[in-house]
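# Inside the fold
What follows is the residue order along each chain.
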Amino acid sequence: MADHIKLKYGVVCVWFLAACLNKCVNGEPKVPCYFIFGDSMVDSGNNNNLATRAKADYQPYGIDFPYGPTGRFTNGRTAADIIGELMGFDSFIPPYLSASGSQILKGVNYGSGSAGIRSETAKLVGANIDLTTQLQRHQAVISRIVGLLGSEELAMNHLNKCFYLFFYNTSKEYSPVQFAEVLIEEYKQKIVSLYNSGARKVALTGIGQIGCTPNAIANYGTNGSSCVDYMNDAANLFNGNLKSLVDQLNNDLMDANFVYLDTYGTPFEYLSTRGLRIKLSTCCKVNEYGLCIPEEAPCTFRNSYFFWDAFHPTQIVNQVGATTSYLILQNIL
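Positions within a chain are numbered from 1, following the residues in the order the chain's sequence is written. Where local features are concerned, this predicted model is filtered to residues with pLDDT of at least 70; where side-chain atom pairs are given and counted, the filter is 80 or more; whole-chain, interface and lining totals use all residues. Excluded from the side-chain calculations are hydrogens and water; all other atoms, namely the structure's heavy atoms, are used.

UniProt positions are given in the numbering used here, feature names are shortened, and annotations may be inferred rather than shown by experiment. What UniProt records for the protein under Sequence similarities (unreviewed entry) is the sentence "Belongs to the 'GDSL' lipolytic enzyme family." Taken from UniProt, the Subcellular location (unreviewed entry) comment for the protein reads in full: "Secreted".

With that out of the way, let us pick up empty space enclosed by the protein. Buried and open spaces are told apart on a 1 Å grid over the protein atoms alone, a cavity being a set of points where a 1.4 Å probe fits but cannot get out and a pocket being an open set with protein on both sides within 12 Å along at least five of seven lines. Residues with an atom within 4 Å of a point are the lining residues. Grid points are joined across faces, edges and corners, and a volume is the space filled by probe spheres set on the points. Counted under the stated rule, the structure contains four cavities of 30 Å³ or more. Quantified by volume, the second largest cavity comes out at close to 60 Å³. Y34, I36, A80, D81, G84, E85, F89, S91, F92 and I93 together form the lining of the second largest cavity. Each helix corresponds to a stretch of at least 4 residues labelled H or I by DSSP, and each strand to a stretch of at least 2 residues labelled E; elements are numbered beginning at the N terminus. The set of elements that each furnish at least two residues to the lining of the second largest cavity consists of β1 (34-38) and α2 (79-87). Side-chain classes follow a simple rule in which Ala, Val, Leu, Ile, Met, Phe, Trp, Tyr, Cys and Pro form the nonpolar group, Asp, Glu, Lys and Arg form the charged group, and the remainder, Gly included, forms the polar group. In the lining of the second largest cavity, the residues fall into six nonpolar, two polar and two charged.

Our next topic: the side chain of S44. For S44, the position within the fold is in the loop between β1 and α2. Among all residues touching S44, those that are not within four sequence positions of it are T70, G71, R72, I93, P95 and N109. Residue contacts follow a heavy-atom distance rule, with two residues in contact if any of their heavy atoms lie within 4.5 Å.

Once that is clear, we can look at the packing of aromatic side chains. Aromatic ring pairs are described here by two measures, namely the spacing of the ring centres and the angle between the planes. Ring pairs shown here join Phe, Tyr and Trp side chains whose ring centres sit within 6.5 Å, with only the six-membered ring taken for Trp; geometry is labelled stacked below 30 degrees between planes, edge-to-face above 60, and tilted in between. Evaluated as defined, the whole model comprises 17 aromatic pairs. Geometrically, the ring pair formed by Y168 and Y187 is edge-to-face, given 6.4 Å between the ring centres and 90° between the ring planes. Here Y187 lies in helix α5 (residues 176-196) and Y168 lies in the loop between β2 (163-167) and α5, a separation of 19 residues in the sequence. The pair Y168 / Y187 is uniform in exposure class, with both members buried. Ring geometry for F306 and F307: centres 4.9 Å apart, planes at 55°, overall tilted. Residue F306 shares its accessibility class with F307, and that shared class is buried. Aromatic rings pair up to connect F35, F37, Y96, Y110, Y164, F166, Y168, Y187 and F238 into one cluster. Its guanidinium or amino end placed over the ring of F92, R72 lies 5.2 Å from that ring's centre, counting from NZ or CZ. For every residue, the accessible area (1.4 Å probe, protein chains only) is compared with the maximum for its type, and the residue is labelled buried under 20%, exposed over 50%, or partly exposed between those bounds. Lysine and arginine charges are scored as sitting over a ring when NZ or CZ, respectively, is within 6 Å of the ring centre and within 35 degrees of the ring normal.

In this analysis, strands are considered paired if DSSP registers two or more bridges between them. Judged by pairing direction, the sheet is parallel, and its four strands sit side by side in the order β1-β2-β3-β4 without closing on themselves. Edge positions in the sheet fall to β1 and β4 (257-261), since each of these pairs with one other strand and no more. The mean inter-strand angle of the sheet, taken between neighbouring strand axes irrespective of direction, is 15°. For β2 and strand β3 (residues 201-205), the ladder comprises four bridges, and the chain directions are parallel. By the bridge assignment for β3, L165 is matched with A203. In this analysis an axis means a line fitted to C-alpha atoms, helices contributing only their contacting stretch, and an angle means the value between N-to-C directions, from 0 to 180 degrees.

This part is about the state of the cysteines. Note on terminology: pairs of cysteine sulfur atoms within 2.5 Å are recorded as disulfides. Taken as a whole and judged by the stated rule, the model has four disulfides. Across the disulfide, C283 is cross-linked to C299 (sulfur-sulfur distance 1.9 Å). Here C283 and C299 share a disulfide; its torsion about the S-S bond, -90°, makes the bridge left-handed. With a gap of 16 residues between them, C283 in the loop between β5 (279-282) and β6 (305-307) and C299 in the loop between β5 and β6 connect regions that are remote in the sequence.

Put simply, the second largest pocket is a space of about 190 Å³. Its residues placed into classes, the lining of the second largest pocket shows five nonpolar, five polar and three charged.

Okay, helix α3 (residues 131-149) next. The span one expects for a helix is its residue count, reduced by one, times 1.5 Å. Between its first and last C-alpha atoms α3 spans 26 Å; for 19 residues at 1.5 Å apiece the expected length is 27 Å, and the two agree. Along α3, the residues classified as buried are L131, Q134, L135, H138, V141, I142 and I145. Here the buried residues of α3 occupy an arc of 115° about the axis, which is enough to place them on one side. Among the exposed residues of α3, those pointing more than 90 degrees away from its buried face are Q136, S143 and G147. Counted as a polar contact is a pair of N or O atoms within 3.5 Å, where, for protein atoms, one must be capable of donating a hydrogen and the other of accepting one, and residues adjacent in sequence contribute only when both atoms are in side chains. Capping the start of α3, D130 holds a side-chain oxygen 3.0 Å from the backbone nitrogen of T132, two or three residues further along. With its phi angle positive at about 100°, G150 sits one or two positions after the end of α3. To be clear, the arc concerns the directions from the helix axis to the C-beta atoms.

In structure tokens form, the structure reads like this:
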């Protein structure tokens, strides 16, 4: 009973903080538009019509989302959704495939389940929209914005004020050190190209505790540890390089406001150090690919679970990550 009370108290604190932050947003959003790039952590439906096993457009996904299953890989809102709410947007940023008309002036979500920074990432599970393609789609959206606003100058002024979120949980290829170096260099080139297209307020998220996911633990073993340590070590190598990249971009690029976000390391530490009995097992029953089995009933107390399926966090974890991230983002918004 005591653990249950602690858990409820911790959850209430998170919701209270989010409510307080929401009240600080009066009238118009903090920024005029919000563009989201990434993988299944932020996908809001772009994979629904792709030939891939990486889909979440069925129950029990979306069981706590106001519109039901939409393609989000969690039970409710993603961290990107919640950050948008905290910035003051009164509706969710639409996925690229359904964004139409003047909607794009408020932003677009390009996220795609299983996508990575490198084009070949996770192609074995089927098609995805990798970062290169997401950036190409953003260029198409920029052209549409030019048409809507009437000139490239007006479009650039608009885009300079927008907020851009990058969320990739890419894991391994090469040795960990080689991978971290190769991946960062490719990432840098793509981020600079986006800067040249008008992006100034950009958040780059680090790789989460990938060695602590139910999928990693089940498939690779922990060797007596609580997680797969070598996977977390590889993620930390990348994150260290990413932090350095953020510093470099801020120094080298005029008017750049880049920030590093530890979106899932922070809630992992928060929830594990406050005496909260958070289960690291999956909330839904999963198939051989680590995704929820269609129509199977998930766990009842979803705020007691860190993971929704074998890879993705529950809405409460997204809430913690987004809320703590937003406190950092206020410095650049």
